[in-house]
Amino acid sequence: MNEVTLRRSAVVAMPAKCKRYALIAFGWLCVAVGLVGVIVPGLPTTIFMILAAWAFSKSSERFQAWLLGHPRFGPAVVAWRDNGAIPARAKVLALATMTLSLVIISVFVATSWTLPSVVGGIMLCVGIFIVTRPNA
């Protein structure tokens, strides 16, 4: 056996129980980071809840049902899962936050045009992605 075959067999040989616990732990980590995002401006919440829902879908029906049924986070996660949709309010908030961040970087942080250009280009791509998603 060569080294690549050994690596592949080690990945496949991971016990299902270990994989399940790792996904549950990852899911709860995402929930925790998402909850911090409720308080900390600029840290997204929904994406971490979507990641948690994915991890729970692979590891725990109970935790997935809890998250999808959550009154605050559930509707956005379900809308994304079912239709790839983002609520209009979330779109406006995301675009406003990105614009404000770019202004702050341009005025207070950048010493040349390079940083604002790169960050602005990335934000433009993300903004186009957000705007082109259906409304929830």
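(A) Here's a closer look at the overall build of the protein. Scanning the protein from terminus to terminus reveals seven helices and zero strands. Taken from N to C terminus, the helices and strands of the protein fall in the order α-α-α-α-α-α-α. Each of the 136 residues in the protein was classed as buried or not, and the buried ones make up 28%. For the protein, the exposed area adds up to about 9,300 Å²; of that, 71% sits on carbon and sulfur atoms.

(B) Region of interest: the pattern of salt bridges. Under the defined criterion, the tally for this structure stands at one salt bridge. Note that arginine 81 is salt-bridged to aspartate 82, the shortest N-O span being 3.1 Å.

(C) Looking closely at the packing of aromatic side chains. The tally for this structure, following the rule as stated, stands at five aromatic pairs. Considering the side-chain rings of tryptophan 28 and tryptophan 66, the 5.3 Å spacing of their centres and the 40° angle between planes classify their relative orientation as tilted. Of this pair, tryptophan 28 sits in helix α2 (residues 16-39) while tryptophan 66 sits in helix α4 (residues 61-68), and the two are 38 residues apart along the sequence. Through successive ring pairs, a cluster of aromatic residues spans Trp28, Phe56, Phe63 and Trp66.

(D) A look at the nonpolar core. Val31, Met49, Ala52, Ala53, Phe56, Leu67 and Val77 are the most contacted members of the largest nonpolar core, which has 13 residues in total. For this core, the secondary-structure elements that each account for two or more residues are α2, α3 (46-59) and α4. The element that contributes the greatest number of residues to this core is α3, accounting for five residues. Contact partners of alanine 52, with chain neighbours within four places excluded, come to Gly27, Cys30, Val31 and Leu67. By size, the runner-up hydrophobic cluster in this structure holds six residues, among which are Ile86, Met98, Val119 and Ile130.

(E) How the structure looks around the environment of isoleucine 130. Relative to the assigned elements, isoleucine 130 resides in helix α7 (residues 114-132). Between the C-alpha atoms of isoleucine 130 and lysine 91, which are 39 residues apart in sequence, the distance is 6.4 Å. Apart from residues no more than four positions distant in its own chain, isoleucine 130 is found in contact with Ile86, Lys91, Ala94 and Met98.

(F) Molecular detail of the packing of α3 against helix α5 (residues 74-83). Orientation of α3 relative to α5, taken along the N-to-C sense of each, is 65°, at an axis distance of 9 Å. The orientation of α3 relative to α5 falls into the category roughly perpendicular. In terms of crossing hand, the pair formed by α3 and α5 is right-handed. Note on element contacts: α5 touches α3 through Ala76, Val77 and Trp80, opposite Thr46, Met49, Ile50 and Ala53. Of the residues contributing to the contact of α3 with α5, the split by class is six nonpolar, one polar and no charged.

(G) Structural view of the confidence of the model for the protein. For the protein, the mean per-residue pLDDT works out to 88, and 90% of the residues sit at or above 70. For the protein, per-element mean pLDDT is lowest for helix α1 (residues 3-12), which scores 54, and highest for α4, which scores 96.

(H) The environment of glycine 84, seen in detail. For glycine 84, the location among the structural elements is in the loop between α5 and α6 (88-109). Given a relative accessible area of 18%, glycine 84 falls into the buried group. Sequence-wise, glycine 84 and asparagine 135 are 51 residues apart; in three dimensions their C-alpha atoms are separated by 8.8 Å. Beyond its immediate chain neighbours, meaning those up to four positions away, glycine 84 contacts Ala79, Arg133 and Pro134.

Conventions adopted
- Residues numbered from 1 in each chain as written.
- Predicted model: local features only at pLDDT ≥ 70, side-chain atom pairs only at ≥ 80, totals over all residues.
- Heavy atoms only, no water.
- Helix = DSSP H or I, 4+ residues; strand = E, 2+ residues; numbered from the N terminus.
- Buried < 20%, exposed > 50% of the residue type's maximum accessible area, 1.4 Å probe, protein only.
- Areas by Shrake-Rupley, 256 points an atom, 1.4 Å probe, with all protein chains shown as cover.
- Salt bridge = Lys/Arg side-chain N within 4 Å of Asp/Glu carboxyl O.
- Phe/Tyr/Trp six-rings, centres within 6.5 Å; stacked < 30°, edge-to-face > 60°.
- Core = buried A, V, L, I, M, F, W, Y, C linked by side-chain atoms within 4.5 Å.
- Contact = heavy atoms within 4.5 Å.
- Axes fitted to C-alpha atoms, helices over the stretch in contact; angles between N-to-C directions.
- Parallel < 35°, antiparallel > 145°, perpendicular 65-115°, else oblique.
- Left-handed = near helix turned anticlockwise from the far one by under 90°.
- Nonpolar A, V, L, I, M, F, W, Y, C, P; charged D, E, K, R; others polar.
- pLDDT = per-residue confidence, 0-100.

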